[in-house]
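Take a look at the letters that make up each chain.
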Amino acid sequence: MAEEFQKSVDKASLELIDKACADKVSLAFDRAQEVKPCPIGAVGSCCRNCGMGPCRVPLAKGKEETPEEKRKRRGVCGATSETIAARQFVRMIAAGTAAHSDHARAVAELLTAIGEGKAPGYELKDEQKLLQIALEWGIDIGERSNKEIAVEIGKKALGEFGKQEGTLLFLKRAPLKRQEIWHKQGVEPRAIDREVVETMHRTHAGVDQDYRNLIKQGTRAALADGWGGSMIATELQDIMFGTPYPVLSQVNLGVLKADEVNIIVHGHEPFLSEMIVNAAREPEMVALAKSRGANGINLAGICCTANEVLMRRGVPIAGNFLQQELALVTGAVDVMVVDVQCIMESLPDIAQCYHTKIVTTSPKARMKGAIHIEFDEHKAIESAREVVKTAIENFPNRGTNVRIPNERHDLIAGFSHETINYLLGGLFRASYRPLNDNIINGRIRGVAGVVGCNNARSAHNAAHIAMVKELIKNDVLVIQTGCAAMASATAGLMVPEAAAKYAGAGLASVCEAVGIPPVLHMGACVDNSRILMAATAMVKDGGLGDDISDLPVAGAAPEWMSEKAIAIGQYFVASGVYTVFGVTWPTTGSKELTDYLFSDLESVYGGKWAFEPDAVKAAQLMIAHIDKKRKALGIDKARERVLYDMAMRRQLE
Ligand code: BF8
């Protein structure tokens, strides 16, 4: 009998997977069993970029390929397996960059509209960041109002998408040495849209036929994401909605409430959900809910929209990517309102088995079987009220087939780069100095960014939690975003008490002194740009080399699935970070290309990719890399001494 596939390590999810089975609802976990991944496409050996194909150029299994066989392994147009795999890879980067950056475009448009007084209900909450970016971008402040400055920032940000001259403004934030590397390699992004367009052009049949040159363009597109679109999204959202500071909330499906109207916000763009938070708190809305028999209105989030409203408003998280269907299976969700990205097309179908209404809001992302309430920034609060009312009116239709798992955990989120700066250094000397000092003295071994998705082909949350536990046990401070952050929170790793329970003695002592968890939630996927800023701040504070590639840091996405994750990984690598992915690797159909990504890139960018599906082994690879960097910095001895001290202390105990 085939071995039973482990679907999740999360109790709440397992409970609802069983309920879905009883309710005859098919989930992503089931489809992952039924639809096997195409073994040729999975390794990047299928090219469907023209009408002569799809051309499949698989490696013959089980024997060494002769040069003659390799020469023949080509598509009809003559494309080699290297070119084919590189084309698919950089197209993934382009799609990921497009997703983050189109989000950023909408952010810039909204900021402009707020400044012009055309987006009632929105504010400019972080004045300090507004002025700081104005200064950074050479925008005149003088006697101008914040709104006037906001218009100019918004327009300048929009210019980043299509300007015809120069390179992206935020590249100047990187350490000087990093900027020089990008310049020397010729990978400084010129304009965000241009890099996506050029990637699509170069991967069209018969254009770029050198895998190194394709990866170079992919790098440029990826940098246009990390140091462009994503950074614009993060920074401008902070101006509008506030820069996050530590906030206590809860996570997992147990945050849904049996006696209240449950509204789930799902997707990535927080514009409407910010307004839904406001609308749901209006006394008239609460009164309306009570008149329909509910005790109140309960908001919760899924995926990165959840992270956005968690970070800034403390809204609890119902779940991550693989829990979106399960939220519906509770039978307790009155409306699930979605915007863009990572939204499963199965939702309306599953909703039909219960009473849930799925509401789409973006003209870019409509779904069959959903109600469409279009988000209009000019009357956002009205759209938000309509969504909330739809949920309230649907509450009396909730049936008896309801099960809300009794699983919820506290978490502290809101660790923006600015907050970390402040927490470590204090209000008057905000800096990363204490972090750098504790890395230098060895209490903290290094820092790891563990980010990314869930993947239905690997047990939900298992790799995330195993990797993060292994890292903190070995004194590596973990910073997180996206669905990865939610996974750690469900395992109780994002509360200060986790330091004593799970972290090594060195890391625990620092966490206890500062009062932070050993695993810090930095936000949504676009907020990986906060990680770039944190790494840059570490370099600028001194003592750990003069580039990101000198730092004892590593990155990982152990359960990745989206093209956005590939874009993120590539900009981490091109920023100098060793980056390990799990589950599957999309270029193994070409050994040459894979070797290039896993090894040669390091001599160019100081960062490189690695693939390791075993999460603990992957963590150990990251730790080995961190130790290598400590040695290069000459701070490896300090750590040995600290370890010796701890051993002695334990003996004494
Ligand atoms: O942008 S981590 S599954 S929700 S892609 Fe999607 Fe991946 Fe989750 Fe957020 Ni990021």
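Residues numbered from 1 in each chain as written. Predicted model: local features only at pLDDT ≥ 70, side-chain atom pairs only at ≥ 80, totals over all residues. Heavy atoms only, no water.

## Overview of the coordination of the nickel atom of the ligand
For step 1, the next point in the chain: Protein coordination of the nickel atom of the ligand rests on one atom only, Cys525 (SG), at 2.2 Å.
For step 2, the next point in the chain: Geometry at the nickel atom of the ligand is irregular, judged from the 4 donor atoms that bind it and their angles of 91 to 148° at the metal.
For step 3, the next point in the chain: On the secondary structure map, Cys525 appears in the loop between strand 13 (519-521) and helix 22 (528-541). (Donors = N, O, S within 2.8 Å, 3.2 Å for Na, K, Ca; no water. Tetrahedral: all angles 85-135°; square planar, octahedral: opposite > 155°, others 65-115°. Helix = DSSP H or I, 4+ residues; strand = E, 2+ residues; numbered from the N terminus.)

## Here we look at the site of the ligand
For step 1, the next point in the chain: Residues in close proximity to the ligand total 13 residues, the closest being His268, Cys304, Cys342, Cys483 and Cys525.
For step 2, the next point in the chain: Between an oxygen atom of the ligand and a side-chain N or O atom of His268, the distance comes to 2.5 Å.
For step 3, the next point in the chain: Measuring from an oxygen atom of the ligand, one finds a side-chain N or O atom of Lys564 at 3.0 Å.
For step 4, the next point in the chain: Elements supplying a minimum of two residues to the shell around the ligand: helix 12 (303-313) and helix 19 (482-490).
For step 5, the next point in the chain: Taken domain by domain, the shell around the ligand gets at least three of its residues from each of domain 3 (253-397) and domain 4 (423-633). (Near = heavy atom within 4 Å. Polar contact = N/O pair within 3.5 Å; in protein donor to acceptor, adjacent residues only side chain to side chain. Domains from an automatic or database assignment.)

## A short note on the layout of surface pockets
For step 1, the next point in the chain: Its boundaries defined by the atoms lining it, the largest pocket holds a volume of some 1,100 Å³.
For step 2, the next point in the chain: Forming the boundary of the largest pocket are 34 residues, of which Asn455, Arg457, Trp560, Met561 and Ser562 lie nearest the centre.
For step 3, the next point in the chain: Per-element accounting of the lining of the largest pocket gives the leading share, 6 residues, to helix 4 (residues 81-115).
For step 4, the next point in the chain: The space that makes up the second largest pocket amounts to roughly 470 Å³.
For step 5, the next point in the chain: Where the lining of the second largest pocket is concerned, the elements lending two or more residues are helix 5 (127-136), helix 16 (417-425) and helix 22.
For step 6, the next point in the chain: Partitioned by chemical class, the residues of the lining of the second largest pocket number 6 nonpolar, 8 polar and 8 charged.
For step 7, the next point in the chain: Formed jointly, the lining of the second largest pocket draws a minimum of three residues from each of two domains, domain 2 (81-241) and domain 4 (423-633). (1 Å grid on protein atoms, 1.4 Å probe; cavity = no way out; pocket = protein on both sides within 12 Å on 5 of 7 lines; lining within 4 Å. Points joined across faces, edges and corners; volume = space filled by probe spheres on them. Nonpolar A, V, L, I, M, F, W, Y, C, P; charged D, E, K, R; others polar.)

## Concerning the pairing of strand 4 (residues 261-266)
For step 1, the next point in the chain: Burial analysis of strand 4 places 6 of its 6 residues in the buried class, which makes it a mostly covered element.
For step 2, the next point in the chain: Where burial is concerned, the two faces of strand 4 agree: the one with Val261, Ile263 and Val265 and the one with Asn262, Ile264 and His266 are both buried.
For step 3, the next point in the chain: For strand 4 and strand 5 (residues 297-302), the ladder comprises 6 bridges, and the chain directions are parallel. Following the sheet pairing, Val261 is matched in strand 5 by Ile297. (Buried < 20%, exposed > 50% of the residue type's maximum accessible area, 1.4 Å probe, protein only. Pairing = 2+ DSSP bridges.)

## Here's the deal with the packing of helix 22 against helix 23 (residues 563-574)
For step 1, the next point in the chain: As a packed pair, helix 22 and helix 23 sit with axes 11 Å apart at the nearest point and diverge in direction by 10°. Looking at the two axes, helix 22 sits roughly parallel to helix 23. Side by side, helix 22 and helix 23 meet where Asn528, Ser529, Ile531 and Leu532 of the first sit next to Ile568, Tyr571 and Phe572 of the second.
For step 2, the next point in the chain: Classifying every residue of the contact of helix 22 with helix 23 by side-chain character gives 5 nonpolar, 2 polar and no charged. (Axes fitted to C-alpha atoms, helices over the stretch in contact; angles between N-to-C directions. Parallel < 35°, antiparallel > 145°, perpendicular 65-115°, else oblique. Contact = heavy atoms within 4.5 Å.)

## Some points on the domain arrangement of the protein
For step 1, the next point in the chain: Domain parsing of the protein yields domain 1 (2-72), domain 2 (81-241), domain 3 (253-397) and domain 4 (423-633).
For step 2, the next point in the chain: The C-alpha centroid of domain 4 is placed 27 Å from the C-alpha centroid of domain 1.
For step 3, the next point in the chain: For the pair domain 1 and domain 4, the summed buried area comes to about 1,200 Å², and 55% of that belongs to carbon and sulfur atoms.
For step 4, the next point in the chain: Run the count over domain 1 and domain 4 and you get 1 salt bridge.
For step 5, the next point in the chain: The partner of Glu592 in a salt bridge is Lys70, with the nearest N and O atoms 3.8 Å apart.
For step 6, the next point in the chain: In this structure, the connection of domain 1 to domain 4 is made through 8 residue pairs in polar contact (both at pLDDT 80 or more). (Buried area = accessible area lost by both parts, 1.4 Å probe. Salt bridge = Lys/Arg side-chain N within 4 Å of Asp/Glu carboxyl O.)

## Points about the sheet that holds strand 12 (residues 476-480)
For step 1, the next point in the chain: Pairing in this open sheet of 6 strands is parallel, and the strands run 13-12-11-14-15-16 from one edge to the other. Two strands bound the open sheet, and with one partner strand each, they are strand 13 and strand 16 (609-611). Taken over all neighbouring pairs, the strand axes of this sheet differ in orientation by 25° on average, direction set aside.
For step 2, the next point in the chain: Bridging between strand 14 (residues 553-557) and strand 15 (residues 578-581) involves 4 bridges; their strand directions are parallel. Within strand 15, the position partnered with Ala556 by the bridge is Val580.
For step 3, the next point in the chain: In this fold helix 23 packs onto strand 15 and strand 16, with an angle of close to 155° to the strand it touches most, strand 15.

## Some remarks on the packing of helix 5 against helix 6 (residues 146-162)
For step 1, the next point in the chain: Running from N to C, helix 5 and helix 6 cross one another at 50°; their axes reach a closest spacing of 10 Å. Taken as axis vectors, helix 5 and helix 6 run oblique relative to one another. For the crossing formed where helix 5 meets helix 6, the hand is left-handed. Across the interface between the two elements, Glu127, Leu130, Leu131, Ile133 and Ala134 from helix 5 touch Asn146, Ile149, Ala150 and Ile153 from helix 6.
For step 2, the next point in the chain: Broken down by class, the residue content of the contact of helix 5 with helix 6 amounts to 7 nonpolar, 1 polar and 1 charged. (Left-handed = near helix turned anticlockwise from the far one by under 90°.)

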